[in-house]
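Close look at the chain arrangement
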Amino acid sequence: MNEGAVTSAGDATRVSAMLWFRADPASDEAVRGALARVVDAISPDAAARIGHRHDEDRPYRTWMLDAGPVPAERYDALLYRLHKAIGSAGLPSLMQGEAHVESFAWLGGER
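Residues numbered from 1 in each chain as written. Predicted model: local features only at pLDDT ≥ 70, side-chain atom pairs only at ≥ 80, totals over all residues. Heavy atoms only, no water.

**Regarding the packing of helix H1 (residues 28–42) against helix H2 (residues 75–88)**
The description of two packed helices rests on the angle between their axes and on the distance between the axes. Taken N-terminus to C-terminus, the directions of H1 and H2 make an angle of 145°; their axes are 9 Å apart at the nearest point. Where H1 crosses over H2, the handedness of that crossing is right-handed. Touching Val38, Ala41 and Ile42 of H1 are Leu78, Arg81, Leu82, Ala85 and Ile86, all from H2. A class-by-class count of the residues in the contact of H1 with H2 yields seven nonpolar, no polar and one charged. (Axes fitted to C-alpha atoms, helices over the stretch in contact; angles between N-to-C directions. Helix = DSSP H or I, 4+ residues; strand = E, 2+ residues; numbered from the N terminus. Left-handed = near helix turned anticlockwise from the far one by under 90°. Contact = heavy atoms within 4.5 Å. Nonpolar A, V, L, I, M, F, W, Y, C, P; charged D, E, K, R; others polar.)

**A look at unusual backbone geometry**
Cis geometry marks the peptide bond from glycine 68 to proline 69, where omega comes out at 5°. Position of proline 69 relative to the elements: it lies in strand S4 (residues 61–71).

**Side note on the pattern of salt bridges**
Oppositely charged side chains can pair when the atoms bearing their charge come close. Scanning the entire structure with this criterion turns up three salt bridges. Ionic pairing is found between arginine 61 and aspartate 28, a salt bridge with its closest N-O pair at 2.6 Å. Of the two residues, arginine 61 is situated in strand S4 and aspartate 28 in helix H1; the sequence distance between them amounts to 33 residues. Each member of the pair, arginine 61 as well as aspartate 28, carries the same accessibility label: buried. Taking the shortest distance from any N to any O, the salt bridge between arginine 49 and aspartate 66 comes out at 3.1 Å. Linking arginine 49 in strand S3 (residues 48–52) with aspartate 66 in strand S4, this pair joins segments that are 17 residues apart in sequence. (Salt bridge = Lys/Arg side-chain N within 4 Å of Asp/Glu carboxyl O. Buried < 20%, exposed > 50% of the residue type's maximum accessible area, 1.4 Å probe, protein only.)

**Looking at the environment of valine 70**
Counting through the fold element by element, valine 70 comes out in strand S4. By relative accessible area, valine 70 is classed as buried at 2%. Each C-alpha atom, one on valine 70 and one on alanine 105, is 9.5 Å from the other, the two residues being 35 residues apart in sequence.

Right under this line is the structure:
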């Protein structure tokens, strides 16, 4: 997975991990189920929500999981649990290409 670096994480009060990937629309039910298992697995560390891109004029669907925000000092633990849950849920076999994880620092309050 490609993982973006958190910039100014020392200044961040809260950090989120945003996972996105592409999958065959014919696999929607399987992807939704796998993502629900990921959400359950990371729930002790962070709240999460899942969704997919609205415009569907492509031969793939772009899915996203937004996990967090968590305090910056707990972000590494969240990433560890997220990576482990992705494999356990069977998501890699449903993905077209590589998954991407990006980190977002939320400054000055809650998301």
